[in-house]
Amino acid sequence: LSTDSTTGARDHARSQVRTAAMRVPATPPDVEPSRLLWAESVPAGSYATRVLGRGTRLRLIDPDGGACAHLLLFRSDAPWERLNVADTVKVPWQAYLSAGHPLLSDQGRVLATVVADSSGHHDTLCGMTDAGRAKMLLAAVKHGLDIRDVAPSVSLFKGVRVADDGMLGFIGSAGPGAAVDLLIHLPMVVALVNAAHPLDPDPALTGLDVLAWRAGEQLTTPVNDDPEYLRALFNTETTWAAAQTSEAFE
Amino acid sequence: MTTTGLTIIADDVVDACAPWSAIVRAGQTLQIIDLHGNQAVDTLFFDAHDYANRYSAVDTIRAQGRAYLGLGSRLLALDGEPLVSIVADTCGRHDTLGGACSQESNVVRYGEHTRHMHACRNTFLAQALGWGRGLDKRALTANVNFFMNVPLTPDGGLDFADGISAPGRYVELAADRDTLVLISNCPQLNNPCNGYDPTPVRLLVWSAA
């Protein structure tokens, strides 16, 4: 195809999509395809962001064992309320993420809950490299946010453990195929960066698969019966209910 | 301070639940004295000339390879350079994982009855608004809790342990650049971080010569 004319360039541009190879994560077999909201593979070093509704189930997959998903969350209807990592580790009295762990906002609400986790190798302590944070800033700016909003993040699929004397130990990945599912409790800006963990001595980054689907029925079954979790969930549910238009109940 | 050759710039006793803030200039030293023991001193740091360049707990922890702060810790800003460094420490360990208490986190941790108790993040918000120039809620992230002991257990549990501080123990921070320091002398009554009895601390700022 010649591209020395507008039509030639246009035809060339339009032809590329027919031959391009692109990884798209497969819809999970137990998910009705019409419920699928998002399927994207984030290459090493890149980022993705999306607004997800309440009741969305977000699945992050490390298909090849080298992904590191740095995550920030902001309420899309009130973006000054965001993931607070200190409260996320303090309130459940637990720094290591696993299934059942709430991702809490600075306002005492559950933004998302880790509802499944086959990795167990995560980090709430070390944040991102400069390169990762630069990508996270781009994701934030696209939602009208700025550097002040890029608060400490959590990292999924690359783990850190703390020794008795406080020294950090990098435990790396759980291996290919690990997945983490998050249930989104309020309308949410999800910002994901697939970048090296700052303690990784030899980051061989691979792609991060992202899937999301409607799963609102799961909101009614708490996956954790800790009193702190139930209070944070109560705060979330009452906040959501109070903000609904009254007409819906007439 | 009676040591000769030092110029005392500030010498304040800060009551329990009270705020304190100042710009500590490059080369000056801030000393925080735990007058009665086991008092958590929640502290935020910002580059005094660029509030968006704030203390970064995650970078500080990662760079020193250790989850707790102590003698020699360099408290890094987002730009990767230190704001202040711990140059003397008779306590031994300080927390930067646990964050600051808020009305909302108190409710979740302890119950609805604690909603209207004093909370550090109210103090920080009020101070941030007072300094202005873009310093607002969005700029408030991880803080340091001086004299607070939050060891991690082997399985990741956060053990809000009894304080390891004692009356008269102190920490000294040398400012590596002009640094805005916001302090909330923690009013928390629901865990051992203040020995269930918030008490005053003394803050000294001095410069050599």
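The structure we're discussing is the one just above.
All of the points below concern the structure found in this document. Note that the coordinates shown come from a computational prediction; the quantities given were computed from them, not determined experimentally.

Summed over the entire model, instances satisfying the criterion amount to three aromatic pairs over all chains. Between Phe 45 of chain B and Tyr 55 of chain B, the ring centres sit 6.0 Å apart and the planes meet at 70 degrees, which makes this aromatic pair edge-to-face. Taken as a pair, Phe 45 of chain B in strand S4 (residues 41-47) and Tyr 55 of chain B in the loop between strand S5 (50-54) and helix H1 (57-64) lie far apart in primary sequence, ten residues in all. Here Phe 45 of chain B falls in the buried class, since its relative accessible area comes to 1%. Looking at Tyr 55 of chain B, the relative accessible area reads 2%, which means it is buried. When the centroid spacing of 6.3 Å and the interplanar angle of 65 degrees are considered together, the rings of Phe 46 of chain B and Tyr 51 of chain B count as edge-to-face. Ring pairing ties together the aromatic residues Phe 45, Tyr 55 and Phe 146 of chain B, which thus form one cluster. Against the face of Tyr 96 of chain A rests Arg 161 of chain A, its NZ or CZ located 4.1 Å from the ring centre.

Quick look at the layout of surface pockets now. Using a probe with the size of a water molecule, rolled over the atoms, empty space left in the structure can be pinpointed. The volume enclosed by the largest pocket comes to roughly 510 Å³. Every residue lining the largest pocket is counted, 32 residues in all, and those nearest its centre are Asn 84 of chain A together with Arg 121, Leu 140, Thr 141 and Ala 142 of chain B. Listing elements by their share of the lining of the largest pocket, those giving two or more residues are helix H2 (85-90) of chain A together with H1, helix H2 (103-110) and helix H3 (120-131) of chain B. Ranked by the residues each element gives to the lining of the largest pocket, the list is headed by H3 of chain B, at four residues. Looking at the lining of the largest pocket residue by residue, the class counts come to 17 nonpolar, ten polar and five charged.

A word on the nonpolar core. Leu 58, Leu 60, Leu 73 and Val 190 of chain A are the most contacted members of the largest nonpolar core, which has 44 residues in total. When residues no more than four places from it in sequence are discounted, the contact partners of Val 190 of chain A are Ala 48, Thr 49, Arg 50, Leu 52, Leu 58, Leu 71, Leu 72, Leu 73 and Ile 184 of chain A. Membership of the second largest hydrophobic core comes to 34 residues, among which are Leu 168 of chain A together with Tyr 51, Cys 120 and Ala 128 of chain B.

Once that is clear, we can look at the interface of chain A and chain B. With 42 residues of chain A at the contact, the number on the chain B side is 44 residues. The contact between chain A and chain B buries some 3,600 Å² in all, and 54% of this surface belongs to carbon and sulfur atoms. Looking at the side of chain A facing chain B, the largest losses of area belong to Lys 90, Trp 93 and Arg 148 of chain A, adding up to 22% of the total buried there. One salt bridge in this structure joins Arg 121 of chain B and Asp 87 of chain A, with 2.7 Å as the shortest N-O distance. Classifying every residue of the side of chain A that touches chain B by side-chain character gives 21 nonpolar, eight polar and 13 charged.

Moving on, we get to the pattern of salt bridges. Overall, the coordinates contain 27 salt bridges over all chains when judged by the stated rule. Put simply, Asp 11 of chain A and Arg 10 of chain A hold a salt bridge, and the shortest N to O gap is 3.7 Å. Residue class for Asp 11 of chain A comes out partly exposed when judged on its relative accessible area of 35%. Put simply, Arg 82, Asp 146, Arg 148 and Asp 149 of chain A together with Asp 136 and Arg 138 of chain B are held in one network by salt bridges that share partners.

With that out of the way, let us pick up the sheet that holds strand S6 (residues 74-76) of chain B. Residues and elements named next belong to chain B. Strand order in this open sheet of six strands is S1-S11-S3-S9-S7-S6, and the pairing throughout is antiparallel. Single-partner strands in this sheet number two, and they are strand S1 (6-14) and S6. In this sheet, neighbouring strand axes are inclined to one another by 20 degrees on average, regardless of whether the strands run parallel or antiparallel. The pairing of S1 with strand S11 (residues 201-208) spans eight bridges and is classified as antiparallel. Bridge pairing in S11 links Asp 12 to Leu 203.

We now examine H3 of chain B. Taking 1.5 Å of rise per residue, the twelve residues of H3 of chain B would be expected to cover 16 Å, and the 17 Å separating its terminal C-alpha atoms lies within 8% of that figure. Those residues of H3 of chain B hidden inside the fold are in contact with H2 of chain A together with strand S2 (19-24), S4, H2 and strand S10 (179-185) of chain B. Just beyond H3 of chain B, the residue with positive phi is Gly 132 of chain B, at close to 65 degrees.

Looking now at the sheet that holds strand S3 (residues 56-62) of chain A. Each strand in a sheet pairs with another by means of backbone hydrogen bonds, the pair being arranged parallel or else antiparallel. Residues and elements named next belong to chain A. Spatially, the six strands line up as an open sheet ordered S1-S14-S3-S12-S7-S6, and their pairing is antiparallel. Either end of the sheet is taken by a strand with one partner, and the two such strands are strand S1 (36-42) and strand S6 (102-104). When the angles between neighbouring strand axes are averaged without regard to direction, this sheet yields 20 degrees. Sheet strands in contact with helix H4 (residues 227-243) are S6 and strand S7 (110-117), and its direction is about 130 degrees off that of S7.

Rules and cut-offs
- Residues numbered from 1 in each chain as written.
- Chains lettered and ligands numbered in written order.
- Predicted model: local features only at pLDDT ≥ 70, side-chain atom pairs only at ≥ 80, totals over all residues.
- Heavy atoms only, no water.
- Phe/Tyr/Trp six-rings, centres within 6.5 Å; stacked < 30°, edge-to-face > 60°.
- Helix = DSSP H or I, 4+ residues; strand = E, 2+ residues; numbered from the N terminus.
- Buried < 20%, exposed > 50% of the residue type's maximum accessible area, 1.4 Å probe, protein only.
- Lys NZ or Arg CZ within 6 Å of the ring centre and 35° of its normal.
- 1 Å grid on protein atoms, 1.4 Å probe; cavity = no way out; pocket = protein on both sides within 12 Å on 5 of 7 lines; lining within 4 Å.
- Points joined across faces, edges and corners; volume = space filled by probe spheres on them.
- Nonpolar A, V, L, I, M, F, W, Y, C, P; charged D, E, K, R; others polar.
- Core = buried A, V, L, I, M, F, W, Y, C linked by side-chain atoms within 4.5 Å.
- Contact = heavy atoms within 4.5 Å.
- Buried area = accessible area lost by both parts, 1.4 Å probe.
- Salt bridge = Lys/Arg side-chain N within 4 Å of Asp/Glu carboxyl O.
- Pairing = 2+ DSSP bridges.
- Axes fitted to C-alpha atoms, helices over the stretch in contact; angles between N-to-C directions.
- Expected span 1.5 Å × (residues − 1).

As far as function goes, none of this settles anything; it's purely spatial.
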